[in-house]
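Residues per chain, in single letters:
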Amino acid sequence: MKLINRACSPAFVVTAVILVVGLGILNSNSRSFSGTLFMVPFALGPLVLSLLLALVMPNKASQITLIIGSVFYGGFFIHLYGGLFHRSPSPQSGIGLLFIGFYSLRVMIPIWYVAAFLSIYKRIKNPDSP
């Protein structure tokens, strides 16, 4: 029951919306939905991890940190996707989708670390609160 309540948290909702928009953007250039699903772990994998972290880190500071990270990732994804497929398209643009998630890890890992630190710090500071 707790996870169902946490699925309504702001970070979960914002990240889920960005994930669905990213899925739609990927699908707009794909010939088949199975091809889109193949690229999701590479292009949108960091958002899936942020979605899971939003479920297990319910405190306000962690939620805000995860929202900021998801919005930054969404902007980064749109920027790279636009560059690959619209500003300078080439036959190898699809290969660039394989690296979007990896390129973002330099920023996303510290954001996830800060969110985890804030969640643990909150639990240590107030051990009585749920």
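Relevant structure appears above.
Computed from a predicted model, the values in this text were never measured in an experiment.

J.: So, the overall build of the protein: which residues are in play, and what are the values?
T.: For the protein, the count of helices and strands is seven helices and zero strands. Each helix and strand of the protein, ordered N terminal to C terminal, gives the series α-α-α-α-α-α-α. Expressed as a percentage of the 130 residues in the protein, the buried residues total 35%. Sequence separation of at least 24 residues holds for 73% of the intrachain contacts in the protein that already meet a minimum separation of 6. Approximately 8000 Å² of the protein is accessible, and the part contributed by carbon and sulfur atoms is 74%.

J.: Mind laying out the packing of aromatic side chains, listing which residues take part and the relevant values?
T.: For the coordinates displayed, the defined rule picks out six aromatic pairs. Site record: aromatic cluster; members linked through ring pairs are Phe77, Tyr81 and Phe85.

J.: Run through the nonpolar core, naming residues and quoting values.
T.: Ranked by size, the top nonpolar core spans 24 residues in total, and within it Leu26, Leu44, Leu47, Leu66, Tyr73, Phe77 and Leu97 carry the most contacts. Those elements that provide at least two residues to this core are helix H2 (10-28), helix H3 (33-43), helix H4 (45-56), helix H5 (60-87) and helix H7 (100-125).

J.: Explain H5 to me, and be specific about the residues and the numbers.
T.: If you check H5, its first and last C-alpha atoms are 38 Å apart, about what 28 residues at 1.5 Å a residue would give, namely 40 Å. When H5 is considered as a whole, its buried residues turn out to be Ser62, Gln63, Thr65, Leu66, Gly69, Ser70, Tyr73, Gly74, Phe77, Tyr81, Gly82 and Gly83. Contacts made by the buried residues of H5 are with H2, H3, H4 and H7.

J.: Break down a nonpolar patch on the surface for me, citing the residues and quoting the values.
T.: A cluster of nonpolar side chains, namely Ile95, Phe99, Phe102 and Tyr103, defines an oily patch on the protein surface of about 430 Å² accessible area. Considering the arrangement of structural elements, one finds Tyr103 in helix H7.

J.: Describe the packing of H2 against H4, and please don't skip the residues or the numbers.
T.: It is at 9 Å that the axes of H2 and H4 come closest, and there the two elements cross at 160°. As judged from the angle between their axes, H2 and H4 are roughly antiparallel. In the crossing of H2 with H4, the sense of the turn from one axis to the other is left-handed. Contacts from Ala11, Phe12, Thr15, Ala16, Ile18 and Leu19 in H2 reach Leu47, Val48, Ser50, Leu51, Ala54 and Leu55 in H4. Here the contact of H2 with H4 is built from residues that sort into 10 nonpolar, two polar and no charged.

J.: How would you sum up the side chain of Thr15? Please name residues and give values.
T.: Of note, Thr15 is situated in helix H2. Not counting the four nearest positions on each side in its chain, Thr15 is found in contact with Leu47, Ser50, Leu51 and Ser70.

Quick notes on the rules
Residues numbered from 1 in each chain as written. Predicted model: local features only at pLDDT ≥ 70, side-chain atom pairs only at ≥ 80, totals over all residues. Heavy atoms only, no water. Helix = DSSP H or I, 4+ residues; strand = E, 2+ residues; numbered from the N terminus. Buried < 20%, exposed > 50% of the residue type's maximum accessible area, 1.4 Å probe, protein only. Contact = heavy atoms within 4.5 Å. Areas by Shrake-Rupley, 256 points an atom, 1.4 Å probe, with all protein chains shown as cover. Phe/Tyr/Trp six-rings, centres within 6.5 Å; stacked < 30°, edge-to-face > 60°. Core = buried A, V, L, I, M, F, W, Y, C linked by side-chain atoms within 4.5 Å. Expected span 1.5 Å × (residues − 1). Patch = residues over 30% accessible without salt bridge, like charges linked within 9 Å, V, L, I, M, F, W, Y side chains within 5 Å. Salt bridge = Lys/Arg side-chain N within 4 Å of Asp/Glu carboxyl O. Axes fitted to C-alpha atoms, helices over the stretch in contact; angles between N-to-C directions. Parallel < 35°, antiparallel > 145°, perpendicular 65-115°, else oblique. Left-handed = near helix turned anticlockwise from the far one by under 90°. Nonpolar A, V, L, I, M, F, W, Y, C, P; charged D, E, K, R; others polar.

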